[in-house]
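Here is what each chain is made of, one letter per residue.
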Amino acid sequence: MRMKRKTTFRLAAAALAMTQLFTAAASAAFTNGFSWSYPVGEGLTYTRTEGKNTAGVQRANVLTYEPNTGVSPVMVYAGDTVYGSKATITNAVKYLQNQGKTVIGGTNADFFVMSSGVPIGLVIDKGTLISSDAWQYAVGFKKDGTAVIGRPTMGIRITGASGSCSVSYFNKTRTTAGAYLLDRSYDEATHFAAKGSYIVLEREDSTPVKAGGSVKLKVVSKGTGSSSFAIGENQMVLTKSDGANVPSWVDFPVGEEVTLSITAADPAWSEVEYAVGGKLLIDDGTVTTSGIDAASSRRARSAIGVKSDGTVVLYEIDGNQSSVSTGLTAAELGEELKELGCVRALCLDGGGSSAMALRQPGASETSLISSPSDGSQRACANYIFFTANTPSDGVTAHAVLTPSYRYILPGASTWFSIKGADASYGPAEAPADLVFEVSNDMGTVEGQTFTAGQKSGSATITASNGSVSGSMNVCVTGDVQSIALQSGGRSVSSVSVKPGQSVDLDALGYHLGQKMASADTAFTWTVSGGIGSVDEKGVFTAGSSMASAFRVASVKSGWRSSSSRASFCRRSRPLSSTAASRSGAVRSVSMRAGSASFRWRRSVQDSEISQPTSAAAASKNRTSSTMTGTSSAPDTARRISWMRNPSSAVCVTAASSIFFPLNREFYRNLSQFFIPDQAVAEAEQHAQRQRAYHLEAVAANVLKGPFQVFPLKGRLQRLVHVKFVARHYEAAPSIGRSFCRA
């Protein structure tokens, strides 16, 4: 009986040229942008802005607060001391919740010393001065929620019969910069690391340390040395390092009574309940970046600003992720805040520290909504949050509509959820009997499905039943920036079909890196090369001959005239390992995914490459798509290989590198030279779920040497280029090399 031969084709989705998108609320730094907003608390509104600038894709989160008694701003550091009390934003939320607070949302705040967690600038908690401003700018919040932004310039002095000593820093780690004063808000110990002098003071009253206030103290002991020692519950330590220039230093004798006094140049700081430090970004409407670290680099950023009417703007933008958000320079950040109406603003800590958490309307939990550039949440010194003062009663007061897709192709549909929220925007029963309206005839609603019309632009869908109402915004656009192909709900890079056999393909459009609501009929499907036929719904039927091309036009004419091409290609016969090595092919790896091309280069010694034991062995291991080689070297020998993920729309040509898509938890472990066996096992399981051919154990610090991490656009979020040791799971055919040409 004659067997029918299966033919393997390879699919690679290419991207479209972009056009200008309707801008609902575009900001100064973004073009091709779309923004949507909704209330999350009394006087508190959340806004999401997505778009592009000259650097690439951008994604920002904004909380806008109008001071009121229903919602209050607070500062939190997750512990009783500033030393060593770093926490992720998720743990900071839990810390406040354990204190009975209802957290709506917030961001990271001040810059800090990474090793100790001590913030650089001012910390005021419930009116008590926790740590001094160190001549930095700060933002403070009064009891009524109004904000103060400026330079506190607090004067701290200890005065007694022997004289008056000026204190440069309160609860900062001691250096040679001046005189320091420490109490238990710093830590339970002094953490001295160098020689110096110290005077131990005992409180004679329980008066809190406040701007504009004073505290009575008495000298109980003093000495010199470099050893850390405990700070008593009611004690303070006045100290200076040897070599510090402190002209006002007073060697107070034991038993002398002294007074600690704190003054502020602006009396408004004596009314502040909560405060954190930052770096000046906007001063009286003028953007300034002086003193901001790496101000010219684009990265994730956080900031806080105040408008002329007192409205507070808390801003966070993701960065350092080309497929998610590139980030802004400090100057661009300032222009963004200025465009939002801020006349005064501070730059907060950024990079891997930038993060925003939010409780969505109708939800009970507050969770991370940003994408930290470190790949995971960074533990930071302190945070700014908005908390609800109105108790949640569960009585439905708002309708909450959330679409499955925010971007929709004309003519396509998206389902949306309906939830209820009470007056404090906490959870409540979903409202019934809603009537829907769509702005500007942008589409229709049937049940909980919105179907877009043929016009492009922003559509507002409003729901009301006479008692409660709510709305959502979606963007209808034909601007498809990349296309991916699926079959049976899974991404496909190749299909094997018999002559006459059919396969149902789905085209997915992407805009600003986000999957769009689309339908197969929204695309024009064509076939060339005589390999078969395809209908308007993407059902491909193989012909009787083998050819080389399959084309998908992104959007039907009338929306766009440009098209996207995806190719079927029969794989070339693999090169032999020896021939590839001699030809120098091992020194270059290239990949094309969507519209983005990437190339990596690395010098490789021929001795590092595993060679087949013989031509016969190589021939035995040959398949229709790969050639593999084995080595008689022991398992500890270093070998070079590569891994391909057949479920991705990517064609890799490689001989000496391995590329493995990692989840973020695994990515976090790359900071150590060797990854623990448990992490390797988890990665193996991840690779098997992805149907990877081969997995290697990582044995390289990605921050050093020729091995680096390269983020990719499109569906492949992380690929890692690493040295490897000979370890692979049983599903791998063997250690070796494979070549694919498209």
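Everything below is about the structure shown above.
All values reported here derive from a predicted model rather than from experimental measurement. (Residues numbered from 1 in each chain as written. Predicted model: local features only at pLDDT ≥ 70, side-chain atom pairs only at ≥ 80, totals over all residues. Heavy atoms only, no water.)

## Structural notes on the pattern of salt bridges
Once the charged atoms of two side chains with opposite charge are near each other, the side chains can pair. As a reminder, the rule being used: Each reported salt bridge corresponds to a side-chain nitrogen of Lys or Arg within 4 Å of a carboxyl oxygen of Asp or Glu. Exposure is judged per residue with a 1.4 Å probe applied to protein chains only, and the accessible area is read against the type maximum: over 50% gives exposed, under 20% gives buried, and values in between give partly exposed. Each helix corresponds to a stretch of at least 4 residues labelled H or I by DSSP, and each strand to a stretch of at least 2 residues labelled E; elements are numbered beginning at the N terminus.
Taken as a whole and judged by the stated rule, the model has 9 salt bridges. Between Arg 48 and Glu 50 there is a salt bridge whose closest N-O contact spans 3.4 Å. For Glu 50, a relative accessible area of 5% puts it in the buried group. In this structure, the salt-bridge partner of Arg 298 is Glu 332, at a minimum N-O distance of 2.7 Å. Highlighted residues: Arg 298 in the loop between β20 (286–287) and β21 (301–307) and Glu 332 in helix α2 (residues 330–339), separated in sequence by 34 residues.

## Overview of α2
Stated precisely, the cut-off is as follows: In what follows, a contact means two residues having at least one pair of non-hydrogen atoms within 4.5 Å.
Here α2 has its buried residues at Ala 330, Glu 332, Leu 333, Gly 334, Glu 336 and Leu 337. Residues of α2 that are buried make contact with β3 (44–53), β19 (272–283), β20, β21, β22 (312–317) and β23 (342–348). In the segment just after α2, Gly 341 is the residue with positive phi, at about 105°.

## Considerations on the environment of Phe 252
Along the chain, the position of Phe 252 falls in the loop between β17 (235–241) and β18 (257–264). In this structure the C-alpha to C-alpha distance between Phe 252 and Gly 160, which are 92 residues apart in sequence, comes to 7.8 Å. Sequence-distant contacts of Phe 252, that is, excluding residues within four places in its chain, are made with Ile 158, Gly 160, Ser 162, Gly 163, Cys 165, Ile 199, Val 219, Lys 222, Leu 238 and Val 258.

## Let's talk about the sheet that holds strand β26 (residues 383–388)
The cut-off we apply is this: The criterion for strand pairing is that DSSP finds at least two bridges linking the strands in question. Note on method: axes are straight lines fitted to C-alpha atoms, helices fitted across the in-contact stretch only, with angles between N-to-C directions ranging 0 to 180 degrees.
The sheet built from 5 strands is open, its strands ordered β5-β26-β6-β24-β25 with antiparallel pairing. Only two strands of the sheet have a single neighbouring strand rather than two, namely β5 (71–76) and β25 (367–368). Note: strand β6 (residues 102–108) against strand β24 (residues 356–358), 3 bridges, orientation antiparallel. Across the sheet, the residue bridging to Thr 107 is Met 356, located in β24. Helix α1 (residues 89–98) contacts β5, β6, β24, β25 and β26 of the sheet and is inclined by roughly 45° relative to β26.

## A closer look at the packing of aromatic side chains
To be explicit about the condition: Ring pairs are drawn from Phe, Tyr and Trp, using the six-membered ring of Trp, whenever the two centres fall within 6.5 Å, and their geometry is named by plane angle: stacked under 30 degrees, edge-to-face over 60, tilted for the rest. Ring-over charges, as used throughout, are those where CZ of Arg or NZ of Lys falls within 6 Å of the ring centre and within 35 degrees of the ring normal.
Throughout the structure, instances matching the rule amount to 11 aromatic pairs. Between the aromatic rings of Tyr 65 and Phe 386, the centroid separation amounts to 4.9 Å while the plane-to-plane angle is 40°, which identifies the pairing as tilted. Of this pair, Tyr 65 sits in strand β4 (residues 56–65) while Phe 386 sits in strand β26, and the two are 321 residues apart along the sequence. One aromatic cluster is present, built from ring pairs that chain together Phe 34, Trp 36 and Tyr 407. In this structure, Lys 240 is placed above the aromatic ring of Trp 249, and the distance from its NZ or CZ to the ring centre is 5.5 Å. Its end group placed over the ring of Phe 111, Lys 279 keeps NZ or CZ at 5.2 Å from the ring centre.

## Here we look at the pairing of β19
Here β19 lies mainly inside the structure; 11 of its 12 residues are buried. Both strand β7 (residues 123–125) and β19 contribute to a ladder of 3 bridges, which runs antiparallel. Bridged to Ile 124 within β19 is Ala 275. The pairing of strand β9 (residues 137–142) with β19 spans 6 bridges and is antiparallel. By the bridge assignment for β19, Val 139 is matched with Val 276. Sheet topology note: the β19/β23 ladder contains 3 bridges and is antiparallel. Bridging from a neighbouring strand, Ile 282 pairs with Ala 345 of β23.

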